[in-house]
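Structural description and commentary
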Amino acid sequence: MAISRPSNYVWIDGDFVPWEAATVHVTTLGWSTMGAVFEGISAYWNPEQEQLYGLQFSEHYARFLNSMKLMRLQSKFTIGDLVQASIDLLRANELREDTRVRPLAYQADGTWFGTLLESATSIVISTAPFISSLGKGRKLRACVSSWDRIADNQMSPRVKCISNYQNSRMALIEATMRGYDQPIILNQQGKVTEGPASCLFIVRNGVAITPSLTSGILESITRQSILQFCRDVLGIPTQEREIDRTELYIADEVFFCGTGAEVVSVVSVDDYVVGSGEIGPVTATIEAYYHDIVRGREERYDHWRIPIYSRVGEMR
Ligand SMILES: Cc1ncc(COP(=O)(O)O)c(C=O)c1O
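Residues numbered from 1 in each chain as written. Predicted model: local features only at pLDDT ≥ 70, side-chain atom pairs only at ≥ 80, totals over all residues. Heavy atoms only, no water.

A count of helical and extended segments in the chain gives six helices and 17 strands. Against the 2.2 N^0.38 benchmark of 20 Å for 316 residues, the chain shows a C-alpha radius of gyration of 20 Å, consistent with a compact globule. Seen along its three principal axes, the alpha-carbon backbone of the chain occupies a region of about 55 × 50 × 35 Å. Looking at the 316 residues of the chain, the share that counts as buried comes to 53%. (Helix = DSSP H or I, 4+ residues; strand = E, 2+ residues; numbered from the N terminus. Rg over C-alpha atoms; globule rule 2.2 N^0.38 Å. Buried < 20%, exposed > 50% of the residue type's maximum accessible area, 1.4 Å probe, protein only.)

Structure representation (structure tokens):
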């Protein structure tokens, strides 16, 4: 099956390689990616300003290097190198639409099981357009998964190692086969963690509550941003604490958040209707504010965005 070509170039270890030439040998499939780590980063197009905004690149590459460290992958590149590579790649691909930037680090010589510590590490960054759900009134039906979340002392969910996503994948398969949109995964203590590729908030009595960072979740950049702007701008009280399963069923609102998930409302969990069954007011406020930030319509968080194209009269 031919792989569709979402962009002209892929960045590989410092070089811009034409899409068709960005291949690896078949013998490196499998083991080379067992310890591989990745990021999901977004850039949003603002049509009025004719500008593409890269979102929180430094934060994502800081986590990327932490993921590499935990998996004992060496990086020849700094956060700054990888941020610049992503900017240059978006420009080289001339993207003027909402776009994902997808870095991946893997053990390029891995052909069989072992520590792979002697293997060279390659970093690849690719880009692909995506369609944002922000402002579209998307509502999800969720269920609690029968699969437990992986624990920190097994395969740490704190970082984005590809192998962790087998746990997410099993939960997502089960949920969709049962007719739900997304699973909510509990840890081995029965407390709420997150979705397969997103963090989770519940709202009770006006307070936005999210599981703590030690409950078995990814150190999500969107979760952190929401906590920050709820406190600093929106005046929405927040809590980071353990969440019981049954709190999902009696919450006023539930929503997922993440770079890919954006901010999306959950209107039922295990067929318990959440609140009124519609997008709640706190979720709607957070979603609208997040949308303004990512599209460059809110100046307060300018430092979270990088304008990819030079503005008129500006040298870059
Ligand atoms: C398992 C998991 N949790 C949470 C998130 C949200 O993290 P972030 O907000 O950094 O995108 C993601 C991915 O994006 C994820 O894969």
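Let us look at the packing of helix α4 (residues 221-234) against helix α6 (residues 281-294). As a packed pair, α4 and α6 sit with axes 11 Å apart at the nearest point and diverge in direction by 105°. Here α4 is positioned roughly perpendicular relative to α6, judged by the angle of their axes. Of the residues in α6, those touching α4 at Thr222, Ile226, Phe229, Cys230, Val233 and Leu234 are Thr285, Ile286, Tyr289, Tyr290 and Ile293. (Axes fitted to C-alpha atoms, helices over the stretch in contact; angles between N-to-C directions. Parallel < 35°, antiparallel > 145°, perpendicular 65-115°, else oblique. Contact = heavy atoms within 4.5 Å.)

Turning to its location among the elements, Ala85 is positioned in helix α2 (residues 79-92). We classify Ala85 as buried; its relative accessible area is 4%. Residues Ala85 and Cys199, spaced 114 residues apart in sequence, show a C-alpha to C-alpha distance of 28 Å. Residue contacts for Ala85: discarding those within four places in its chain leaves Trp11, Phe16 and Ile125.

The biggest cluster of nonpolar side chains holds 26 residues, and the ones touching the most others in it are Ile123 and Ile125. Of all the secondary-structure elements, those providing two or more residues to this core are β4 (41-46), α1 (57-70), α2, β6 (99-107) and β7 (121-129). The dominant element in this core, judged by the number of residues it contributes, is α2, at six residues. Contacts of Ile125, omitting those with residues within four sequence positions, involve Val10, Trp11, Tyr61, Leu82, Ala85, Ser86, Leu89, Val101, Arg102 and Pro103. Counting residues in each nonpolar core, the second largest holds 25 residues, with Val203, Ile236, Ile293 and Tyr301 among its members. (Core = buried A, V, L, I, M, F, W, Y, C linked by side-chain atoms within 4.5 Å.)

Another aspect to go through is the site of the ligand. As a matter of local geometry, the ligand sits amid 15 residues, with Arg63, Tyr165, Ser220, Thr222 and Thr259 nearest to it. Contact distances for the ligand include 2.7 Å between an oxygen atom and a side-chain N or O atom of Ser220. The side chain of Thr259 places a nitrogen or oxygen atom 2.5 Å from an oxygen atom of the ligand. Expressed as a share of its isolated accessible area of 380 Å², the protein-covered part of the ligand is 97%. (Near = heavy atom within 4 Å. Polar contact = N/O pair within 3.5 Å; in protein donor to acceptor, adjacent residues only side chain to side chain. Areas by Shrake-Rupley, 256 points an atom, 1.4 Å probe, with all protein chains shown as cover.)

For the chain, the assigned domains read domain 1 (9-129) and domain 2 (139-298). Summed over both sides, the interface between domain 1 and domain 2 buries roughly 2,000 Å², with carbon and sulfur atoms accounting for 57% of that surface. The three residues of domain 1 that bury the most area against domain 2 are Phe38, Tyr44 and Arg63, which together make up 34% of that side's buried surface. For the pair domain 1 and domain 2, the interface holds one salt bridge. Taking the shortest distance from any N to any O, the salt bridge between Arg295 and Asp98 comes out at 2.9 Å. Those elements giving two or more residues to the side of domain 1 that touches domain 2 turn out to be β3 (37-38), β4, β5 (51-55), α1 and β6. Among the elements that make up the side of domain 1 that touches domain 2, the one with the highest residue count is α1 (six residues). When grouped by side-chain class, the residues that make up the side of domain 1 that touches domain 2 number 12 nonpolar, 10 polar and five charged. (Domains from an automatic or database assignment. Buried area = accessible area lost by both parts, 1.4 Å probe. Salt bridge = Lys/Arg side-chain N within 4 Å of Asp/Glu carboxyl O. Nonpolar A, V, L, I, M, F, W, Y, C, P; charged D, E, K, R; others polar.)

Side-chain alternation along strand β12 (residues 207-210) places Val207 and Ile209 on one buried face and Ala208 and Thr210 on a second face that is also buried. One ladder, built from three bridges, connects strand β11 (residues 199-204) with β12; its direction is antiparallel. Following the sheet pairing, Ile202 is matched in β12 by Ile209. Between β11 and β12, which pair antiparallel one after the other, the connecting turn spans two residues, and Asn205 there sits at a positive phi close to 50°. Both β12 and strand β13 (residues 238-240) contribute to a ladder of three bridges, which runs parallel. Considered in β13, the bridge of Thr210 is made with Glu240. Handedness of the crossover is the feature at issue here: the chain leaves β12, passes through α4, returns alongside β13, and the resulting connection is right-handed. (Pairing = 2+ DSSP bridges. Right-handed = clockwise from strand over helix to strand, strands pointing away.)

Before going further, it helps to spend a moment on the packing of aromatic side chains. For any pair of aromatic rings, the description consists of the separation of the ring centres together with the inter-plane angle of the planes. This structure, assessed with the given rule, holds 12 aromatic pairs. An angle of 25° between the planes, with centres 4.1 Å apart, marks the rings of Tyr249 and Tyr272 as stacked. With Tyr249 in helix α5 (residues 245-250) and Tyr272 in strand β16 (residues 272-273), this residue pair connects regions lying 23 residues apart in the sequence. Stacked on the ring of Tyr309, the Lys or Arg Arg96 has its end atom at 4.2 Å from the ring centre. Here the guanidinium or amino end of Arg100 rests over the ring plane of Phe130, the centre of that ring lying 3.5 Å away. (Phe/Tyr/Trp six-rings, centres within 6.5 Å; stacked < 30°, edge-to-face > 60°. Lys NZ or Arg CZ within 6 Å of the ring centre and 35° of its normal.)

Our focus in this paragraph is the pattern of salt bridges. As enumerated under the stated definition, the model contains 17 salt bridges in all. One salt bridge in this structure joins Arg149 and Glu194, with 2.8 Å as the shortest N-O distance. Placement of Arg149 in the loop between β8 (139-148) and α3 (165-177) and of Glu194 in strand β10 (residues 192-194) is noted, with a sequence separation of 45 residues between them. Arg149 sits in the buried class, given a relative accessible area of 4%. Overall, Glu194 belongs to the buried group, its relative accessible area being 3%. Between Glu219 and Arg158 there is a salt bridge, with its nearest N and O atoms 2.8 Å apart. In this pair, Glu219 is assigned in the loop between β12 and α4 and Arg158 in the loop between β8 and α3, connecting sequence segments 61 residues apart. Residues participating in the shared-partner salt-bridge network are Asp152, Arg158 and Glu219.

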